[in-house]
Every structure is written in structure tokens, then in C-alpha cells.
Amino acid sequence: MWARRTRSSGPGPSGPSRLVGPDAYQSSAGGGAWDEARVGAPAGPSVIPVEQVPERILVVFAHPDDVDFGVAGSVARWTHDGASVTYCVVTDGDAGGSDPSVSRDQMRVIRRKEQEAAAAEVGVKDLVWLGYPDGRVEASLELRKDIARVIREVRPERVVAPSPERIWERIFASHPDHLAVGEAAICAVYPDARNPFAFPELAAAGLEPHTVPEVWLMATPAPDTFVDVTETFDRKMAALRSHVSQIGDRDSELDEFVRGFLAESGRRAGWVDGRLAEAFQRVVTG
């Protein structure tokens, strides 16, 4: 099921980055200041400071557009700070869309092009397509092997993936494909990608074991890590609007919906009103 990724030029400008608190945010003539300080709010979840963005980040997700709803604002920050970000898309999204006149084969092509365009909006040019059927993903050994293969190729310091835990208060975030991809990704990180005796055909193909130091889970019921995406909100929205087949006639409502959700995450982090956040659960795996 594994498909080789497409490559192009390297990442954007390098620079330090933190998981941010807007209390120390200062605007500048050239746009937002990127070296912000840790949140000091006495209540609410902790915000873990990160002194420098990793050199390589792998984002694993089920369907085209999942990444843009969940993490595109953070990805825009990370690529700005010099990270090389790779997307691993498990399905082609062939079950998406609402137009019955569009065949499923056509939908696969459409959604690939949409995701490639969306990725470009946030500085990502390296995509891996695994080609699993939309709506029928299971946390199988085959999927674990395919994700472990990508991990050994990319050798990331951070993997971002859907949470394998269902959010009962927001059930639509917990599509069965998301849960299955999250479970398979966690298993691929530990133990598969690092174990020299797991899937020996990978080592035989020259893919040496790799230990991922940390995993960031999207759509988690227990977020503890927040990234300020106020300054990259427009890029996130441009990425989302690339998914024309999925947005349909809801485009006029999209900005308000996404802004409201991110503002709520910012409040959950203990930030002042108006700051927008993407939320994650950070798991140390190194």
C-alpha cells in the first residue's frame, strides 16, 4: 500500500520557536514576533516550552483536509522557523465530497490535487500517499509497517498524528479512520520504527531503525500543549479553502467557525481573548 513521496526544494528560513504565550507577544513592522514566552497563567493546562523547532517533523493523518483543520497553522509556523515537514496521507479521500456525479476515481484525483495545493500554502512540499480506502482504515499490521517505513525514511524528531482516543463531547473529530490511524501511528513510533527486529524487510531494504523523541496528538480529549497560530491563521484558512470539493457552499461560514474554535483553544490555554491556538497532547516517546 505504500507509495513513494514527492519531493521538491527545502524548508524556509530557520529560527527559534516556542510553544507560545501571548502575554509576551509583541507586534513588529514586519508582522508578528515569533520568539514568544511561555504562558504564565496559574490555572489551566500547562504549556511546554520548546527552545527550537525540530529539523524534521512528520504529520500522519487519515484524509486530505484533516491536517488543515487540525494543525496547518502550527505547520506554517514550523516551516517558517526552518523545519522540514512531511505529510503522510493514509487515504486518498475517495469517499469524500457530496456530488454523486463525481466518480470515486475522479474524487481521488481531485482530493490529491487539493491537498497538494493546501500543503503549498503552509510551506510543505513533501507528501507521502499510502492509498488506503477512505472509510475502511484499520490499525492493521500492514498500516503499522507502512507508517514505520515512512518514519525510517523521514527520521523525524516529532510525529504529529490523530489521537486514538475518542472525544465524546465532539464526536465528529473522532472519525473511525482518525482513531485507527492514530493507533497505528503510535504503534509505528513505539515499538515498530525503533525495533531492528520489527518488519525485517524494512531493514533489508536499507531502512535503519529510528527512535522518535515525541508525538503530538491532534483531536485529543486531554490537550496540554498549545501553539499560538494567530499570525498564521490566514495561511491556515488558505490551506482549508484549497479543499473545494469538501467545503462546497459552506465557505462563507468557514472563517467564523474555525476562528471560534481556535479562540476557545486559546482560552483553554489561559491566554488573553483574541489569541488563537491549536491544541495537542504531547507524549514523550524517546
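No experiment lies behind these values; they were computed from the predicted model shown.

J.: Before we move on, can you summarise the pattern of salt bridges with the specific residues and values?
T.: For the structure shown, the criterion picks out 13 salt bridges. For Arg-56, the salt bridge identified is with Glu-55, shortest N-O distance 3.4 Å. Note on Arg-56: relative accessible area 26%, which makes it partly exposed. For Glu-55, a relative accessible area of 53% gives the class exposed. One connected set of salt bridges, linked through shared partners, spans Glu-55, Arg-56 and Glu-157.

J.: Before we move on, could you go through the nonpolar core and cite the residues and values that matter?
T.: The biggest cluster of nonpolar side chains holds 36 residues, and the ones touching the most others in it are Val-59, Val-71, Val-75, Trp-78, Val-85, Tyr-87 and Val-160. Elements represented by at least two residues in this core include exactly strand E3 (56-61), helix H2 (72-80), strand E4 (84-91), helix H3 (104-121), strand E5 (126-132), strand E7 (214-218), helix H7 (233-241) and helix H9 (251-268). In this structure, Val-160 is in contact with Ile-57, Leu-58, Val-59, Val-60, Val-71, Trp-78, Trp-216, Met-218 and Phe-280, ignoring residues within four places of it in sequence. Grouped together as the second largest cluster of nonpolar side chains are 31 residues, Tyr-132, Ala-184, Val-189 and Phe-199 included.

J.: Quick rundown of the sheet that holds E5? Include the residues and the values.
T.: Spatial strand order, E5-E4-E3-E6-E7-E9-E8: seven strands in an open sheet with mixed pairing. One side of each edge strand has no neighbouring strand; the edge strands of this open sheet are E5 and strand E8 (225-228). Each strand axis lies, on average, 25° off the axis of its neighbour in the sheet, ignoring direction. Two elements, E3 and strand E6 (residues 158-162), share three bridges in a ladder whose sense is parallel. Looking at E6, one finds that Leu-58 is bridged to Val-159. In this fold helix H5 (residues 176-192) packs onto E3, E4, E6 and E7, with an angle of close to 155° to the strand it touches most, E6.

J.: Could you give an account of the packing of H7 against H9, naming the residues involved and the relevant values?
T.: Close contact between H7 and H9 brings their axes to 11 Å; oriented N to C, the two are set at 135°. Comparing their axes, H9 and H7 come out oblique. For H7 against H9, the interelement crossing comes out right-handed. On H9, the residues touching Phe-233, Lys-236, Met-237, Leu-240 and Arg-241 of H7 are Asp-251, Leu-254, Asp-255, Val-258, Arg-259 and Leu-262. When its residues are assigned to classes, the contact of H7 with H9 shows six nonpolar, no polar and five charged.

J.: Just give me the short version of H7, but keep the residues and values in it.
T.: Taken together, the buried positions of H7 are occupied by Phe-233, Lys-236, Met-237, Ala-239 and Leu-240. Looking down the long axis of H7, one finds its buried residues gathered within 155° of arc, a one-sided arrangement. Next to the buried residues of H7 lie helix H1 (66-70), H2, H3, helix H8 (244-247), H9 and strand E9 (277-284).

J.: A description of the packing of helix H4 (residues 141-154) against H5 should follow, citing residues and the corresponding values.
T.: For the pair H4 and H5, interaxial distance at closest approach is 8 Å and the crossing angle is 60°. Here H4 lies oblique to H5, going by the angle between them. The chirality of how H4 crosses H5 is right-handed. In this structure, H4 uses Leu-143, Arg-144, Ile-147, Ala-148, Ile-151 and Arg-152 to contact H5, whose residues at the interface are Ala-184, Ala-185, Cys-187, Ala-188, Val-189, Pro-191 and Asp-192.

J.: Mind laying out H3, listing which residues take part and the relevant values?
T.: End to end, H3 covers 26 Å across 18 residues, agreeing with the expected 26 Å (1.5 Å per residue, within 8%). Looking at H3, one finds that the buried residues are Met-107, Arg-111, Glu-114, Gln-115, Ala-118 and Ala-119. Down the axis of H3, the smallest arc covering the buried residues is 135°, so these residues share one side. The exposed residues of H3 that point more than 90 degrees off its buried face are Asp-105, Lys-113 and Ala-120. Where H3 is buried, its residues contact E3, H1, E4, E5, H7 and H8. Phi for Gly-123, located one or two positions after H3, is positive at around 85°.

J.: Go over the layout of surface pockets with me, naming the residues and quoting the values.
T.: Taken as a whole, the largest pocket holds about 1300 Å³ of empty space. Taken together, 40 residues form the lining of the largest pocket, with Phe-69, Arg-170, Phe-172, Ala-173 and Phe-257 sitting closest to its centre. Within the residue set of the lining of the largest pocket, elements represented by two or more residues are H1, H7, H8, H9 and E9. In terms of residues, the lining of the largest pocket owes the most to one element, H9, which gives nine residues. Among the residues making up the lining of the largest pocket, the classes are represented as 20 nonpolar, nine polar and eleven charged.

Cut-offs used in this document
- Residues numbered from 1 in each chain as written.
- Predicted model: local features only at pLDDT ≥ 70, side-chain atom pairs only at ≥ 80, totals over all residues.
- Heavy atoms only, no water.
- Salt bridge = Lys/Arg side-chain N within 4 Å of Asp/Glu carboxyl O.
- Buried < 20%, exposed > 50% of the residue type's maximum accessible area, 1.4 Å probe, protein only.
- Core = buried A, V, L, I, M, F, W, Y, C linked by side-chain atoms within 4.5 Å.
- Helix = DSSP H or I, 4+ residues; strand = E, 2+ residues; numbered from the N terminus.
- Contact = heavy atoms within 4.5 Å.
- Pairing = 2+ DSSP bridges.
- Axes fitted to C-alpha atoms, helices over the stretch in contact; angles between N-to-C directions.
- Parallel < 35°, antiparallel > 145°, perpendicular 65-115°, else oblique.
- Left-handed = near helix turned anticlockwise from the far one by under 90°.
- Nonpolar A, V, L, I, M, F, W, Y, C, P; charged D, E, K, R; others polar.
- Arc of directions from axis to C-beta.
- Expected span 1.5 Å × (residues − 1).
- 1 Å grid on protein atoms, 1.4 Å probe; cavity = no way out; pocket = protein on both sides within 12 Å on 5 of 7 lines; lining within 4 Å.
- Points joined across faces, edges and corners; volume = space filled by probe spheres on them.

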